[in-house]
Structures are given as structure tokens and as C-alpha cells.
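# A structural walkthrough
The chain contents come next:
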Amino acid sequence: MGKTIKLEVNKVLSFISQQEIDSKASIAKKCNETLHKGDGKGNDFLGWLNLPSSITEAHLNDIQATANSLRSKCEVVVVVGIGGSYLGARAVIESLSNSFDLLQKDRKNPVIVYAGQNIGEDYLYELLDYLKDKSFGIINISKSGTTTEPALAFRILKSELEKSVGKEESKSRIVAVTDAARGALHTLAKKEGYKMYVIPDNVGGRFSVLTPVGLLPIAVAGLNIKKLVAGAAFMEKNTAPDVAFENNIAEQYAVTRNELYGKGKKIEILANYNPKLHFFAEWWKQLYGESEGKENKGIFNAAVDFTTDLHSMGQWIQEGERTIFETVLSVANPAYKVEVPFDEEDLDGLNFLKGKRVDFVNKMAELGTQLAHVDGGVPNIKIEIPELSEEYIGQLIYFFEKACGISGYMLGVNPFDQPGVEAYKKNMFALLNKPGFEKEHEEIQKRL
Ligand code: PA5
């Protein structure tokens, strides 16, 4: 792996100084060491830390074999899951797949669709309608096995699959990814004899993309999971505590964003200039939002697709409240080449670009935007990705995970819990009068 993703912070230096960044280097290093010593907050959820380097070839081969079996039987695979049991797989699959894959006639890969990430009745109806005449399979992912959204979707999809191919055949088309010993999905998978993969106890949802939670759907989509893991393992080594701060991009990113936060930049927008990265940003939002947004503190994470959103949110970013900073995901080299053709009449006035690549225009938009945003009071961090490939997406995943752990510790919170996500569930169960929530049901009725 010759190249690596790069972090550039020179466009934050008119807001915070290099000295300010360097003065926090030792704190970031300590936080990184704390992660590796395993004696910090949430230390029972550090299974992701050495995960890339500890995944065995045999484990990856086993996942690949299951993926191949689904690929051979199914035109469509429905990936059921929400939050950390959904976003990582979708982030990688969409980053690395053809944007028009779904519309190709001679597809090499099954269509991957998602369910259980919402409770939209129309969404489910339309999905069932689409699946009606298709040969499909299901990967059901839930660590707890009790999350309402995926459990509801799975119940409906399982019943449809059984109607379509019979109970016996359906068993070979359903794979469960869940807890090693507990939960409704574990019990069901055991009873039905589904192929089952375990989500390690010490890996939380938003850090689980390199477990079967992400790897199985990614392999089904036809992507190379060995290269993905190798990229992450490379970054694991390159962000270890023994790597000097000057070379440790995870520590540098953690320091830079915390310094900006301390200067009143309470919102971080992750901007991409490649639409394939839309879901990568969704994954990032969960990773940072759920890890740091607690104890009444934490940067608010948002994401924008540029240049698309420059024609909408661009106004706010340029001139709205000055509480934001921007982290740009920049892909250095596109996979393909499209050049601007010469036009005899030049009615659109674009002949000055003749022979230039579309990516050249995109890169000038990126640079122009960064400079404009800095001028408008928006500090800019840039993360350059050499190209969209499994290796570099693997690097990017681990980079963000590691920086998130360090950043959360710098902020003083436990980056590995998510107590706040329970509040809506409690109210929803009370409103639904779920058994066990009778008292809450009575109480909540009085508030309506
Ligand atoms: O990060 C998290 O913990 C959450 O986003 C969970 O992954 C999400 O709620 C799904 O949980 P489960 O896998 O238990 O169904």
C-alpha cells in the first residue's frame, strides 16, 4: 500500500495557531495511550481498537463463502439493520459501487437494498412490492436483537420470503448477525438454524463496520473485504501511540477539532465533492454524534454534498452564524476520465474548458469554496483520499474511529456509550403500551 490518506490543517491556522495545536499534542497522545492501555471511560467497548490487525484470514474466508452463497442464490439481498448495524455497510458499498448499478441490466452483483432503518409503512410496502417477483435473501443485523425497527422489518420480510420459497429454502437465504449469546435474534437464529455471525461484546454498533455487521453485506455487494481490512490495519499501525504527533493524523484531527470547538466552532460539517461519499458522511455523523454528544457538550455533526449543497446550504455556510468549521473529504483521483468537448457554437461559453477533465472543474470548485469559506470565517480541514478503493476506505474508517476515541477522551466524555438514544424508545414503548410499560403508558397518556 504505497499511498495513504492525508490530513491538511493549514486552512485552520488563521483561526487557531500551530502553537495552540502543538500545545495539545501531549494531551492527545495521552488519550491515545489511554485507549491502548484500556483504562479510560468505556473501556469495555474497545474491541474495535486492534480489530483490523487481529481479523484472521479464515474469518474473512468464512464471510466470503457465506456472501458467495447469497450471491449465487439471490438477485436481491435485503440488509436489515439500523444505526451502527446499518450505516457502515451502506457507507462502504455506496462509496465503492457504480452510481447507476441498480439500473444496469447485466449486473454482476446482487442488488443490495436496506430495511429496518426506518418505520416507513410506504417504504416497506414498496420494498415488498419490488421483491414480489425477485429471488431474494436477508441479512438481519442487530446486536441486541430487540431493536424495534429492524425486528419489525425482519418479521415482515421473513414471512414474505417463507411464502415465496418455503420455510426450508428460506433458512439458507437468511443470515443473522447478532450477539454471541443473548437476544431475540440469537434465539430465533438458533431455533431456525440460520447461519449466524457474532458481533463481539466489546464492539459497539458505530464501531462495528469491520465485524460481520459490515463485512458480510460489503462482500455480498462484490467488494474486496480483505483489501478493506488491510487498509484499516495499515491505519491502525499509523495512528498507534508510538507514532509521533507530527505523523499521527488521528491525534492531529482530534486536537484540531477540539481546539476549534473551544473557540466557539460548535458545528462540524463534513463536506464531500463526490456523491458516492454521501453515506460515508452519514456513518461519520453517527460515529461522532453518538460518541461525543453527551453531558451537554459535543460538536454537532452535519454533512453536505458539494457542489450540490453549495446551491442550498452554501449561503448559510458562507454567511450564517459563525459557529461552524468544515472538514472536506477530497478524492485526489477519480476512477474514470470525462473531458469537456469543444462546441462549434459555444453558446454556453464553456469552450474555455475544452479538453479539461470534469474533475479539474470539481477541484477548482473545491479550492475556490475552501478559500471563500475561510474568508467567510469557516476554518477548513482537508482529508485527501488518493482514490476511492477498498484500501483507502479502510484507512478512512479506522482513521475516523481512532480520532473519535481520542477526541471523545479529550472532551472528557465516554465516547463508547449512548445513553441518550433510550429516551425516545421508552416513550414509544409507553405509547404503544408494550408489555412491561403499563405504568409509563398511563403516565404518558396524561401528557397528551
Ligand atoms: O451505535 C449504536 O449502538 C446504535 O446505533 C445501534 O447500533 C443501533 O441502535 C442498532 O442496535 P442493534 O444492533 O442492537 O439493533
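This structure is a prediction, so every number in the text was calculated from the model and none was measured. (Residues numbered from 1 in each chain as written. Predicted model: local features only at pLDDT ≥ 70, side-chain atom pairs only at ≥ 80, totals over all residues. Heavy atoms only, no water.)

## Description of a nonpolar patch on the surface
A cluster of nonpolar side chains, contributed by F360, V361, M364, L367 and L371, occupies part of the molecular surface with about 400 Å² of accessible area. Here V361 lies in helix α15 (residues 358-375). V361 sits in the partly exposed class, given a relative accessible area of 35%. (Patch = residues over 30% accessible without salt bridge, like charges linked within 9 Å, V, L, I, M, F, W, Y side chains within 5 Å. Areas by Shrake-Rupley, 256 points an atom, 1.4 Å probe, with all protein chains shown as cover. Salt bridge = Lys/Arg side-chain N within 4 Å of Asp/Glu carboxyl O. Helix = DSSP H or I, 4+ residues; strand = E, 2+ residues; numbered from the N terminus. Buried < 20%, exposed > 50% of the residue type's maximum accessible area, 1.4 Å probe, protein only.)

## What to know about the site of the ligand
Looking at the ligand, there are 13 residues lining it, with S85, S142, T147, Q286 and E290 nearest. R206 places a main-chain nitrogen or oxygen 3.3 Å from an oxygen atom of the ligand. A distance of 2.6 Å is found between an oxygen atom of the ligand and a side-chain nitrogen or oxygen belonging to Q286. Surface burial for the ligand is 86%, taken as the share of its 380 Å² of free accessible area covered by protein chains. Grouping the constituent residues of the shell around the ligand by class yields 1 nonpolar, 9 polar and 3 charged. (Near = heavy atom within 4 Å. Polar contact = N/O pair within 3.5 Å; in protein donor to acceptor, adjacent residues only side chain to side chain. Nonpolar A, V, L, I, M, F, W, Y, C, P; charged D, E, K, R; others polar.)

## Brief notes about the domain arrangement of the protein chain
The assigned domain composition of the protein chain is domain 1 (6-42 + 239-415) and domain 2 (51-228). The distance between the C-alpha centroids of domain 1 and domain 2 comes to 30 Å. At the junction of the two partners, domain 1 supplies 22 residues and domain 2 supplies 23 residues. Summing both sides of the interface, domain 1 and domain 2 together bury roughly 2,000 Å²; the carbon and sulfur share of this comes to 64%. At the surface where domain 1 touches domain 2, the tally comes to 1 salt bridge. Close ionic contact of R206 with E290 constitutes a salt bridge, the shortest N to O distance being 2.9 Å. Elements with a contribution of two residues or more to the side of domain 1 that touches domain 2: α13 (278-292) and α16 (390-411). Taken together, the residues of the side of domain 1 that touches domain 2 break down into 11 nonpolar, 4 polar and 7 charged. (Domains from an automatic or database assignment. Contact = heavy atoms within 4.5 Å. Buried area = accessible area lost by both parts, 1.4 Å probe.)

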